[in-house]
Amino acid sequence: LSIIESSSAVNEGLRTPVGATLATDQWPRMGEGRTPIEIEKGGDAASGDEIKEMEGAVAEPSYWVLILNVLSTVSIGLVLKQLFVVSPLVPVAAVVALHLLFAQGATVVLRCMGLTESAKNVDWVFVSMYATAQAWAILSWNECLSYVSVGTYQLSKMCVIPTILAIQLVTKWGTVPSAPSLVYIILLLVGVRTATTVEVRFTDHPGHGLLWAGSAILGTALVQVLCGRQTEKNLSFVQLLSVSSGYSAVLAFTWSVLVDDWSAWIKEAHPPLELGLILASCVISLSINFTTAYIIGKFSPITFQVVGHVKTVSLLVMGAFLFHTPQTLATIGGSAIALLGAALYGNEQLRLRQEQSKSAAAKLES
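What comes next concerns the included structure. (Residues numbered from 1 in each chain as written. Predicted model: local features only at pLDDT ≥ 70, side-chain atom pairs only at ≥ 80, totals over all residues. Heavy atoms only, no water.)

**Things to note about the side chain of S244**
Stage number 1. Mapped onto the secondary structure, S244 falls in helix α11 (residues 237-259).
Stage number 2. By relative accessible area, which is 1% here, S244 ends up buried.
Stage number 3. If near-sequence neighbours (up to four positions away) are discounted, S244 is found in contact with V127, Y130 and A131. (Helix = DSSP H or I, 4+ residues; strand = E, 2+ residues; numbered from the N terminus. Buried < 20%, exposed > 50% of the residue type's maximum accessible area, 1.4 Å probe, protein only. Contact = heavy atoms within 4.5 Å.)

**A word on the packing of aromatic side chains**
Stage number 1. If you walk through the whole model with that rule in mind, you get four aromatic pairs.
Stage number 2. Centre to centre, the rings of W212 and W255 are 6.2 Å apart; their planes meet at 70°, and the pair counts as edge-to-face. Here W212, found in helix α10 (residues 206-227), pairs with W255, found in helix α11; they are 43 residues apart in sequence, far enough to count as distant.
Stage number 3. Given a relative accessible area of 23%, W255 falls into the partly exposed group.
Stage number 4. Considering the side-chain rings of W262 and W265, the 5.8 Å spacing of their centres and the 90° angle between planes classify their relative orientation as edge-to-face. (Phe/Tyr/Trp six-rings, centres within 6.5 Å; stacked < 30°, edge-to-face > 60°.)

**Digging into the pattern of salt bridges**
Stage number 1. All chains considered together, the criterion is met by four salt bridges.
Stage number 2. R229 is the salt-bridge partner of E232, the closest N and O atoms lying 3.2 Å from each other.
Stage number 3. For R229, a relative accessible area of 12% corresponds to the buried category.
Stage number 4. Across the pair R351 and E355 runs a salt bridge, and its minimum N-O distance is 2.6 Å. With R351 and E355 both in helix α15 (residues 329-365) and four residues apart, this pair spans about one turn of that helix. (Salt bridge = Lys/Arg side-chain N within 4 Å of Asp/Glu carboxyl O.)

No statement about biological role is implied by the geometric values presented.
See the structure below:
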């Protein structure tokens, strides 16, 4: 889904590529494979090393992962922009399926290298829900962008956070942000909306546009909320990718066969540059998959959405420098407000996590 954000913000005139799986991570394993939650609930006394490691696991901001996620998203947007210039008829959903298969292959390599273990006692109902929601969200965004303008798309993206909050309130999955965090989120959304002020319009079929937009918003919110529950299912983000990416890839490829114009693409010339760009997008998508997994798992779906909006603002800023895009006062002011809201939100989340780590450490010591 990160690819959608990057490419649509880069250029409205190009077909918007869609892809990059969503996943989740869990707390770093400590003390014979026990997570902090398991340590606290297990009844056994925690060692001093476990307490120190827990404090570090919670307090460390891991900014490099956030930065890498933003850079990867911007990079893949530029790569796919060039791909659609070189090959306008390339089947988009098939590229999505290829990204998912690359993720699947990467998990196999990691498992063969002994860097991860096979998932055990898998809740296949949960995995099926996650994989279906993942493919549903990706493909819905792709269809949505066939009927709406980028302005409408941006407005739709901002509806994801309220939808996540609504799902969390109804299902009790996840923690609702604190009051200060909600204020900073509103500040961020106002800034993003101001910075990306463009015409909100539909094509000749507004009903189709609204339907696909609603489907994409709901699917995105659901898959990200599900991502946040992986610690409950004892799955690392690598294990989640391993058990879900193949299924999502099959759904994406099936959709590609139904909607993409394969015959026209096969008939056109395929220069080496096209293959190189596709492979480059697959490699970069791995970075997006793993960093997205880390962000959602270690932080929350809301935090991932905040990072996503920061990507949009970053793309606007990069567009001004790389493509000499004209900047209005609204764009400059909105970008500044959005970045301020994101910074305040990040600082608030870091403060809350530090408080949680101290509280957990105090319980274990007692």
